[in-house]
Amino acid sequence: MPGTQSAPAQHTISRLPAAALVALAALAALLLFVAPAKATFGFVAGWGGPGSGPGEFESPNGVAFDSQGNAYVADTYNNRIQVFDRCWDYAGGWGTLGAGAGQLNSPFGLAIDSHDRLYVADANNSRIVLFDDSGQFVAQWGGVGAGPGQLSHPLGVAAGPEGRIYVADTDNNRIQVFDSTGSPVAQWGRFGSGSGQLNAPFGIAVGADGSVYVADTFNNRIQQFDSAGAFVRRWGSFGSGDGQFKSPRAVAVGPLGEVYVADTNNSRIQVFDSSGAFLRKWGSDGSEPGQFQFAVGVATDGAGNVFVSESFPNSRIQVFGEPQPTVADLIEAIEALGLPHGIENSLEAKLRAAQRALDRGQTRVAENNLAALIAELKAQSGKKIAADAAAELIETIEQASTSLACTR
């Protein structure tokens, strides 16, 4: 991991080191054997605030994740990339203002490919810059212009299937597609408001099926294309109702194919299914948790958490998701399996041992208890416990164990 800057100052949002808001909201409950509440999607954690120190931002925009769960943030007006580990603690960063190799001038969009290489939409340099997984400069391409392979103030970038890189070439009102070496392979779009036309596209995302979603910002809509650039559908219009937008600046695709939109000037996030049907929304104007002032970026990680970056004046990252599983949830799940009492008692004993360890602040011991529980479930899978039920319970326990690791 890159680590070129000193340790961060105190975070400005109420947040204990790393994911303590994840863990202590979820795992504090993990230590109380109360009837589990229904899981609800909501605020999990946040960090940042205006500044130039480690963990501070001047208008963060794009967020992307590597295979280890580390989060990379485009700290736009500090002209740098900051990196946070899977517990969302500061882990390093790089970048200085300039146009040289590896320098940046207002980085906006970010994308990470299957090799954990980071692509940066270096907006004011009108180029894409590629870094390896340690933050070392690899390559760059673009340059101001409207010809194939040239760019004009690109603000969005996404990694698609077969190593292709999709770029929202904002001031050229088009999408350009490159191979992993930076050679242009396709382009589509021109200025306008008709189907397939664009007006300052800021954000772009690619789904697992190759569908391309574009935040067509000044047309106040989302457009969907297939991987070859053929128009599929569009949705949205100017307004504040469900499915309407005011300058949407970013789009992301979740693990189930749902589409998240940063509805910037409405201070909210809207969620749609893959065909554009409205599902839900959250947010309002303000600086409290769950509120936004200029939500300019949205991204999802492998666990289904949603990350929202805000421009001035909040200059922060907020994370939203489902509460982590509690011990009470795990016990309820085990009891629902209808196991022989001996096996059920053995499994629950390991959970209670994990709770006692957590009461004493011994997170490593608690993790070991959960690891023993997983081992026993695997041993009984397909025997005393149905294989699919065991697999589901193991996944839930692993989520709890991940939260425990982030409380240290």
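Quick caveat: nothing in here was measured; it's all calculated off a predicted structure.

Conventions adopted
Residues numbered from 1 in each chain as written. Predicted model: local features only at pLDDT ≥ 70, side-chain atom pairs only at ≥ 80, totals over all residues. Heavy atoms only, no water. Helix = DSSP H or I, 4+ residues; strand = E, 2+ residues; numbered from the N terminus. Expected span 1.5 Å × (residues − 1). Buried < 20%, exposed > 50% of the residue type's maximum accessible area, 1.4 Å probe, protein only. Core = buried A, V, L, I, M, F, W, Y, C linked by side-chain atoms within 4.5 Å. Contact = heavy atoms within 4.5 Å. Pairing = 2+ DSSP bridges. Axes fitted to C-alpha atoms, helices over the stretch in contact; angles between N-to-C directions. Phe/Tyr/Trp six-rings, centres within 6.5 Å; stacked < 30°, edge-to-face > 60°.

Some details on helix α3 (residues 341-359)
In this model α3 runs 26 Å from its N-terminal to its C-terminal C-alpha over 19 residues, within 8% of the 27 Å that 1.5 Å per residue would give. Within α3, burial applies to Ile343, Glu344, Leu347, Glu348, Leu351, Ala353, Ala354, Gln355, Ala357 and Leu358. Looking at the residues trailing α3, positive phi occurs at Gly361, about 80 degrees.

Thoughts on the nonpolar core
Counting residues in each nonpolar core, the largest one holds 23 residues, and the members touching the most others are Leu347, Leu351, Leu370, Leu373, Leu377 and Ile397. Breaking this core down by element, the ones donating at least two residues are α2 (327-335), α3, α4 (363-380) and α5 (387-405). Discounting residues that sit within four places of it in the chain, Ile397 has contacts with Leu330, Leu370, Leu373, Ile374 and Leu377.

Observations regarding the sheet that holds strand β9 (residues 137-142)
What the four strands build is an open sheet, ordered β6-β7-β8-β9; its pairing is antiparallel. Unpaired on one side and paired on the other, β6 (107-112) and β9 mark the two borders of the sheet. Going across the sheet, the axis of each strand differs from the next one's by a mean of 20 degrees, ignoring polarity. Direction of pairing for strand β8 (residues 127-131) relative to β9: antiparallel, over a ladder of five bridges. Considered in β9, the bridge of Ile128 is made with Trp141.

Quick word on the packing of aromatic side chains
On inspection of all chains with the given rule, the structure shows 25 aromatic pairs. Geometrically, the ring pair formed by Trp188 and Phe225 is tilted, given 5.5 Å between the ring centres and 45 degrees between the ring planes. Of this pair, Trp188 sits in strand β13 (residues 184-188) while Phe225 sits in strand β16 (residues 221-225), and the two are 37 residues apart along the sequence. Judged by relative accessible area, Trp188 falls into the buried class, the value being 10%. Residue classification places Phe225 among the buried residues on the basis of a relative accessible area of 1%. Here the aromatic rings of Tyr260 and Trp282 are separated by 6.5 Å at their centres, their planes lie at 70 degrees, and the arrangement is edge-to-face. A residue pair is termed long-range when its members are at least 10 positions apart, and Tyr260 in strand β19 (residues 259-263) and Trp282 in strand β21 (residues 278-282) qualify at 22 residues.

Structural notes on the environment of Ala168
In this fold, Ala168 is placed in strand β11 (residues 165-169). Overall, the relative accessible area of 0% leaves Ala168 in the buried class. Taking C-alpha positions, Ala168 is 9.0 Å from His153, a pair spaced 15 residues apart along the chain. Filtering out sequence-adjacent residues up to four positions away, Ala168 remains in contact with Pro154, Leu155, Gly156, Arg174, Ile175, Pro201, Phe202 and Ile204.

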